[in-house]
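Below, each chain spelled out in residue letters.
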Amino acid sequence: MLKSRFVLAVYKRIIINQSIALMIIFAAMSNANIFAEKLLQIKALKLNADEPFTWTSGWKSPVYCDNRKLLSFPHVRDYVKSELANLILDQFGDAEVIAGVATAGIPHGALAADLLRLPFIYVRDKPKGHGLGNQIEGALEPGQKVVVVEDLISTGKSSIAAINALKAAGAEVIGLVALFTYGFDAAEKAFEEAGVPFFTISNYNALVEVGLKQGIISENQVDALSDWRTNPSEWRQS
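The following refers to the structure shown.

What follows concerns unusual backbone geometry. Here the amide bond leading from Ala102 into Thr103 is cis, since omega sits at -5°, within 30 degrees of zero. Its location among the elements puts Thr103 in the loop between strand E5 (97-101) and helix H4 (105-116). The residue Lys43 is not glycine, and still its phi comes out positive at about 65°. Structurally, Lys43 can be placed in the loop between helix H2 (31-41) and strand E1 (45-47). Look at Lys43 and you get exposed, because its relative accessible area is 52%. Phi is positive for Arg117, which is not a glycine, with a value near 60°. Locating Arg117 in the fold gives a position in the loop between H4 and strand E6 (120-123).

Structure, rendered in structure tokens:
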């Protein structure tokens, strides 16, 4: 009996120590790094400096991001829902409406709005060519404070277009949240000119840091990755 109690006590101590160790590890990691790891794990983010991907714009990129894929993984989907809701509460606590950018921002925005118990609308890239010809779907009153949800920020073009459509409809756009940003200067400038602050769960710097840690990229590839973000339209075009 005494031996059993001793073994149980030791086992409990091991479990407690492991739990504390995990808490320390996660506390040392930023949310940006944690999310980058999750995206790499489910292959929603791919990083390859030697064999770059080609975007529809023709740009060569060492990164391919497909946040739609995470919707198929409930644990990651729940994480995103929670983190987006936290960002909105922390940065835009007076939000009255959540607006998703079609199409990839719609599910994430809807999930966050549901968690926050806020109304949800979404914004098309252009008005419908039939029916009522709406560009904004859902109930929106002039003067309401809106937070926009985007899945990915590259140049910021689609985000700014959605913001302008909401402003034209009389909304007060107080900010934007997104899952990931490449951190391009063009996007930073676009949001600054629009007067709309934005925050993301993760970013390119976190991805590179995690990529190094996991051995996906090497130290001698970091400069090339930095060059891409500085001038993506010209990177490896020759």
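Having seen it, we continue.
This part is about the environment of Ala36. For Ala36, the position within the fold is in helix H2. Between the alpha carbons of Ala36 and Val210 there is a distance of 7.0 Å; along the sequence they are 174 residues apart.

Quick look at H2 now. Within the sequence span of H2, burial applies to Ala32, Asn33, Ile34, Phe35, Ala36, Leu39 and Leu40. A positive phi of about 65° marks Lys43, the residue just after H2.

It is worth spelling out the packing of aromatic side chains at this point. Following the criterion strictly, the structure yields 14 aromatic pairs and no others. With a centroid separation of 5.2 Å and an interplanar angle of 65°, the aromatic rings of Phe184 and Trp228 are classed as edge-to-face. One end of the pair, Phe184, is in the loop between strand E9 (172-181) and helix H6 (185-194); the other, Trp228, is in helix H8 (residues 222-230), with 44 residues separating them in the sequence. The same class applies to Phe184 as to Trp228, namely buried. A cation over a ring is seen here: Lys38 above Tyr79, with NZ or CZ 4.9 Å from the ring centre.

What follows concerns the pairing of strand E10 (residues 198-203). Alignment of E9 against E10, held across five bridges, turns out to be parallel. Its bridge partner lying in E10, Thr181 is registered against Asn203.

The next thing to look at is the sheet that holds strand E8 (residues 145-153). Here we have six strands laid out as an open sheet, ordered E7-E6-E5-E8-E9-E10, and mixed in their pairing. The outermost strands of the open sheet, each flanked by one partner alone, are strand E7 (136-137) and E10. Against the sheet, H2 touches E9 and E10, its axis set at about 55° to E10. Sitting on the sheet, helix H3 (residues 74-91) touches E5, E8, E9 and E10, and the angle it makes with E10 is about 145°.

Turning our attention to the environment of Ala99. If you trace the backbone, Ala99 turns up in strand E5. Classification of Ala99 by relative accessible area gives buried; the value is 0%. A sequence separation of 23 residues divides Ala99 from Tyr122, and the C-alpha atoms of the two residues are 4.9 Å apart. Not counting chain neighbours up to four residues away, the residues in contact with Ala99 comprise Phe120, Ile121, Val123, Val146, Val147, Val148, Val149 and Leu166.

Here we come to helix H5 (residues 157-168). Taking 1.5 Å as the rise per residue, H5 with 12 residues should run 16 Å; its terminal C-alpha atoms sit 16 Å apart, in good agreement. Among the structural elements, E5, E6, E7, E8, E9 and H6 are those in contact with the buried residues of H5. Just past H5, the residue Gly170 takes up positive phi, approximately 100°.

It is worth spelling out the pattern of salt bridges at this point. As a working rule, side chains carrying opposite charge can pair if their charged atoms are close by. Per the stated rule, a full pass over the model turns up five salt bridges. For Asp114, the salt bridge goes to Arg117, with nearest N and O atoms at 3.1 Å. Taking relative accessible area as the criterion, Arg117 reaches 65% and is therefore assigned exposed. Its salt-bridge partner being Arg124, residue Glu137 comes within 2.5 Å of it at the nearest N-O pair.

Reading the values: rules and limits
- Residues numbered from 1 in each chain as written.
- Predicted model: local features only at pLDDT ≥ 70, side-chain atom pairs only at ≥ 80, totals over all residues.
- Heavy atoms only, no water.
- Helix = DSSP H or I, 4+ residues; strand = E, 2+ residues; numbered from the N terminus.
- Buried < 20%, exposed > 50% of the residue type's maximum accessible area, 1.4 Å probe, protein only.
- Phe/Tyr/Trp six-rings, centres within 6.5 Å; stacked < 30°, edge-to-face > 60°.
- Lys NZ or Arg CZ within 6 Å of the ring centre and 35° of its normal.
- Pairing = 2+ DSSP bridges.
- Contact = heavy atoms within 4.5 Å.
- Axes fitted to C-alpha atoms, helices over the stretch in contact; angles between N-to-C directions.
- Expected span 1.5 Å × (residues − 1).
- Salt bridge = Lys/Arg side-chain N within 4 Å of Asp/Glu carboxyl O.

All we've got here are geometric facts, nothing functional implied.
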